[in-house]
Amino acid sequence: MKLMEETENELLTVAMQIIIHAGNGRTKAQEAITAAKKMEFAAAKEHLKEAKENILLAHKAQTEVIQNEARGHNYESCLLFTHAQDHLMTITSEVNITRDLIDLFEIVSTR
């Protein structure tokens, strides 16, 4: 029973890392949009870079679990981990859309 509890706790820890890093990515993406609205494109791109760095940290945490499973390490189902993966996927899309919006703001501002 002890091993199952350790595995569950391991997934909970990884889930929280994913949620925190992805959430930080969302915050940076929102800061990027705010800067772009003010025509501060250098700042917007810096915030976007930081958003991508946070998404990468979240993705690395998720990938470690996936690679462990591929190596034969079995995890019990964990709703919080599933939520974390959904959270990461959604915010990754938001960051990608933010990149496109900044590009559009910049194009429009030069016309």
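Residues numbered from 1 in each chain as written. Predicted model: local features only at pLDDT ≥ 70, side-chain atom pairs only at ≥ 80, totals over all residues. Heavy atoms only, no water.

1. Regarding the overall build of the protein
So, point 1. Scanning the protein for helices and strands turns up 3 helices and 0 strands.
So, point 2. Of the regular secondary structure in the protein, the N- to C-terminal order runs α-α-α.
So, point 3. Taken along the three principal axes of its C-alpha coordinates, the protein extends 65 × 20 × 20 Å.
So, point 4. Counted over contacts in the protein with a minimum sequence separation of 6, partners at least 24 positions apart contribute 83%.
So, point 5. Of the roughly 7,100 Å² that the protein leaves accessible, carbon and sulfur atoms contribute 57%. (Helix = DSSP H or I, 4+ residues; strand = E, 2+ residues; numbered from the N terminus. Contact = heavy atoms within 4.5 Å. Areas by Shrake-Rupley, 256 points an atom, 1.4 Å probe, with all protein chains shown as cover.)

2. Notes on helix α3 (residues 79-109)
So, point 1. The end-to-end C-alpha distance of α3, which contains 31 residues, comes to 44 Å, matching closely the 45 Å that a straight helix rising 1.5 Å per residue would cover.
So, point 2. Restricting attention to buried positions, one finds in α3 the residues Phe81, Ala84, His87, Leu88, Ile91, Val95, Thr98 and Ile102. (Expected span 1.5 Å × (residues − 1). Buried < 20%, exposed > 50% of the residue type's maximum accessible area, 1.4 Å probe, protein only.)

3. Things to note about the side chain of Gln62
So, point 1. Considering the arrangement of structural elements, one finds Gln62 in helix α2 (residues 41-70).
So, point 2. A polar atom in the side chain of Gln62 sits 3.4 Å from the side chain of Gln85.
So, point 3. Discounting chain neighbours no more than four positions away, the residues touching Gln62 are Ile18, Gln85 and Leu88. (Polar contact = N/O pair within 3.5 Å; in protein donor to acceptor, adjacent residues only side chain to side chain.)

4. Some thoughts on the environment of Ala84
So, point 1. When you line up the elements, Ala84 lands in helix α3.
So, point 2. When its relative accessible area of 0% is taken as the criterion, Ala84 is described as buried.
So, point 3. Ala84 sits 30 residues away from Asn54 along the chain, and the two C-alpha atoms are 14 Å apart.
So, point 4. Once residues within four sequence positions are removed from consideration, Ala84 is found in contact with Ala15, Ile18 and Ile19.

5. A short note on the nonpolar core
So, point 1. Membership of the largest hydrophobic core comes to 26 residues, with the highest contact counts inside it found for Ile18, Phe81, Val95 and Ile102.
So, point 2. Going through the elements one at a time, α1 (2-37), α2 and α3 are the ones with two or more residues in this core.
So, point 3. When residues no more than four places from it in sequence are discounted, the contact partners of Val95 are Gly25, Ala29, Leu48, Ala51, Lys52 and Ile55. (Core = buried A, V, L, I, M, F, W, Y, C linked by side-chain atoms within 4.5 Å.)

6. Some thoughts on a nonpolar patch on the surface
So, point 1. Taken together, the side chains of Ile97, Leu101, Leu104, Ile107 and Val108 make up a nonpolar region of the molecular surface, amounting to roughly 450 Å² of accessible area.
So, point 2. With respect to the secondary-structure elements, Ile107 resides in helix α3.
So, point 3. Judged by its relative accessible area of 42%, Ile107 falls in the partly exposed class. (Patch = residues over 30% accessible without salt bridge, like charges linked within 9 Å, V, L, I, M, F, W, Y side chains within 5 Å. Salt bridge = Lys/Arg side-chain N within 4 Å of Asp/Glu carboxyl O.)

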